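So the chains spell out like this:
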Amino acid sequence: MENKDIYAVGIGPGKAELLTFEARRVLENVEVIVGYRPYLELIAELTRGKEMVSTGMRGEVARCRRALEIARSGRSVAVVSSGDAGIYGMAGLLLELEEKSEEPLNVVVVPGITAASTAAAALGAPLMNDFVVLSLSDQLTPVADIRNRIQAVAAADLVCVLYNPQSRTRRELLREVIDEFIRHRGPGMVAGTVRNAGREGEQCWLGTLAELPVDEVDMLTVVLVGNSKTAIVNRRMVTRRGYTVEK
Ligand code: SAH
């Protein structure tokens, strides 16, 4: 393993079977693993005997700076993200922090199974055609931009996967977003939620936009909003791609 590499590793949703072979190999080989504490707990089996650097949720920049420092000192380091490292994960931040470095480290990005894929599989096959992934977190994106994107997606009849849908303190935006989808797609549009997809305690809900239990949605959940081709087929969420339409 090259000393001047640093790994941004997506560990998938948590279940060991959904971690890629490549992610496993990297985690087994590095000396130091850096990450948000609950994610490190998901891969406890792989971290035994290693040096671990864990921080809280908001410590992303500090965590990545620390990882880069350790890598620069010659030790092999992996920074873990849940799901895919390049989808609301740490890969981009590591690359950005190296932007002005005189001798940038080589950031090796190891992809993982993102929450949208895991949740879609749990519900059926809702992402069979074009879809959009949107985060409702206003930590780094102004709410006005989030509203504009929701408008565009709702009008474009795209299936939509909402990440970071609702936190303990951000309670209004998800209701507003669901109401916007209802305005464009009607209250009967198929929608689903998956909490803890692909890890212990997975819970699925499937129904219509009007029935969606908005208050129960939290940050461990993704919300999937169907489009005009999405149906409930034998109690699974399916977006029809056109295969079975008679021509
Ligand atoms: N890099 C991650 C996403 C991080 S953003 C990925 O690719 O999956 C964090 C948000 O992702 C959470 O608020 C939640 O909406 C969603 N999420 C991540 N893992 C999840 C899981 N196992 N089940 C349901 N939602 C999940």
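Thresholds applied
- Residues numbered from 1 in each chain as written.
- Predicted model: local features only at pLDDT ≥ 70, side-chain atom pairs only at ≥ 80, totals over all residues.
- Heavy atoms only, no water.
- Near = heavy atom within 4 Å.
- Polar contact = N/O pair within 3.5 Å; in protein donor to acceptor, adjacent residues only side chain to side chain.
- Areas by Shrake-Rupley, 256 points an atom, 1.4 Å probe, with all protein chains shown as cover.
- Nonpolar A, V, L, I, M, F, W, Y, C, P; charged D, E, K, R; others polar.
- Salt bridge = Lys/Arg side-chain N within 4 Å of Asp/Glu carboxyl O.
- Helix = DSSP H or I, 4+ residues; strand = E, 2+ residues; numbered from the N terminus.
- Buried < 20%, exposed > 50% of the residue type's maximum accessible area, 1.4 Å probe, protein only.
- Phe/Tyr/Trp six-rings, centres within 6.5 Å; stacked < 30°, edge-to-face > 60°.
- Pairing = 2+ DSSP bridges.
- Axes fitted to C-alpha atoms, helices over the stretch in contact; angles between N-to-C directions.
- Contact = heavy atoms within 4.5 Å.
- Right-handed = clockwise from strand over helix to strand, strands pointing away.
- Core = buried A, V, L, I, M, F, W, Y, C linked by side-chain atoms within 4.5 Å.
- Expected span 1.5 Å × (residues − 1).
- Domains from an automatic or database assignment.

So, the site of the ligand
Okay, step 1: With respect to spatial proximity, 19 residues lie near the ligand, and among them S82, I87, T114, M219 and T221 are the closest.
Okay, step 2: Note that an oxygen atom of the ligand is positioned 2.9 Å from one of the backbone N or O atoms of D84.
Okay, step 3: For the ligand, whose unbound accessible area comes to 550 Å², protein coverage reaches 94%.
Okay, step 4: Counted by class, the shell around the ligand contains 11 nonpolar, six polar and two charged residues.

What to know about the pattern of salt bridges
Okay, step 1: Per the stated rule, a full pass over the model turns up 10 salt bridges.
Okay, step 2: Across the salt bridge formed by E98 and R72, the nearest N and O atoms sit 2.6 Å from each other. Residue E98 is found in the loop between helix 5 (91-97) and strand 5 (106-110), and its partner R72 is found in helix 4 (residues 60-72); the two are separated by 26 residues along the sequence.
Okay, step 3: Look at R72 and you get partly exposed, because its relative accessible area is 35%.
Okay, step 4: The residue R175 makes a salt bridge to D179 at a minimum N-O spacing of 2.9 Å. Here D179 and R175 lie together in helix 8 (residues 173-185), a separation of four residues that amounts to about one turn.

Some words on the packing of aromatic side chains
Okay, step 1: Enumeration according to the criterion identifies two aromatic pairs in this entry.
Okay, step 2: Ring geometry for Y88 versus Y163: centroids 5.2 Å apart, planes at 55°, classification tilted. Linking Y88 in the loop between strand 4 (77-81) and helix 5 with Y163 in strand 8 (residues 159-163), this pair joins segments that are 75 residues apart in sequence.
Okay, step 3: When its relative accessible area of 9% is taken as the criterion, Y163 is described as buried.

Focus: the sheet that holds strand 1 (residues 5-10)
Okay, step 1: The strand order across the open sheet built from five strands is 3-2-4-1-5, with neighbouring strands paired in parallel fashion. Unpaired on one side and paired on the other, strand 3 (51-55) and strand 5 mark the two borders of the sheet. Neighbour-to-neighbour, the strand axes of this sheet turn through a mean angle of 20°, independent of strand direction.
Okay, step 2: In the sheet, strand 1 pairs with strand 5 via five bridges, with the strands oriented parallel. Looking at strand 5, one finds that Y7 is bridged to V108.
Okay, step 3: Contacts between helix 1 (residues 21-29) and the sheet are confined to strand 1, strand 2 (32-36), strand 4 and strand 5, with strand 1 contributing the most and set at about 135° to the helix.

Re the pairing of strand 7 (residues 131-135)
Okay, step 1: Pairing of strand 7 with strand 8 involves five bridges; the strand directions are parallel. In the strand pairing of strand 8, V133 is matched with V161.
Okay, step 2: In the classification by handedness, the crossover that spans strand 7, the intervening helix 7 (residues 143-155) and the parallel strand 8 is right-handed.

Points about the environment of A210
Okay, step 1: Position of A210 relative to the elements: it lies in the loop between strand 10 (203-208) and strand 11 (221-225).
Okay, step 2: Sequence separation between A210 and D179 is 31 residues; the distance between their C-alpha atoms is 8.6 Å.
Okay, step 3: Excluding residues within four positions of it along the chain, A210 makes contact with I182 and P187.

Remarks on the nonpolar core
Okay, step 1: Membership of the largest hydrophobic core comes to 21 residues, with the highest contact counts inside it found for L136, I150, L162 and F181.
Okay, step 2: Put simply, the parts of the chain that give this core at least two residues each are helix 7, strand 8, helix 8 and strand 11.
Okay, step 3: By residue number, the principal contributor to this core is helix 8, which donates five residues.
Okay, step 4: The contacts of L136, once residues within four sequence positions are left out, are I146, I150, L162, Y163, N164, P165, R170, L173, L174 and V177.

Observations concerning helix 8
Okay, step 1: An ideal rise of 1.5 Å per residue puts 18 Å on 13 residues; helix 8 measures up with 18 Å between its terminal C-alpha atoms.
Okay, step 2: Buried-residue contacts for helix 8 involve helix 7, strand 8 and strand 11.
Okay, step 3: Following helix 8 by one or two positions, G186 has its phi on the positive side, about 85°.

Thoughts on the domain arrangement of the chain
Okay, step 1: Each assigned domain of the chain is listed here: domain 1 (5-113) and domain 2 (116-239).
Okay, step 2: Its C-alpha centre places domain 1 at a distance of 28 Å from the equivalent point of domain 2.
Okay, step 3: With nine residues of domain 1 in contact, the opposing surface of domain 2 contributes 10 residues.
Okay, step 4: Counting across the interface, domain 1 meets domain 2 through zero salt bridges.

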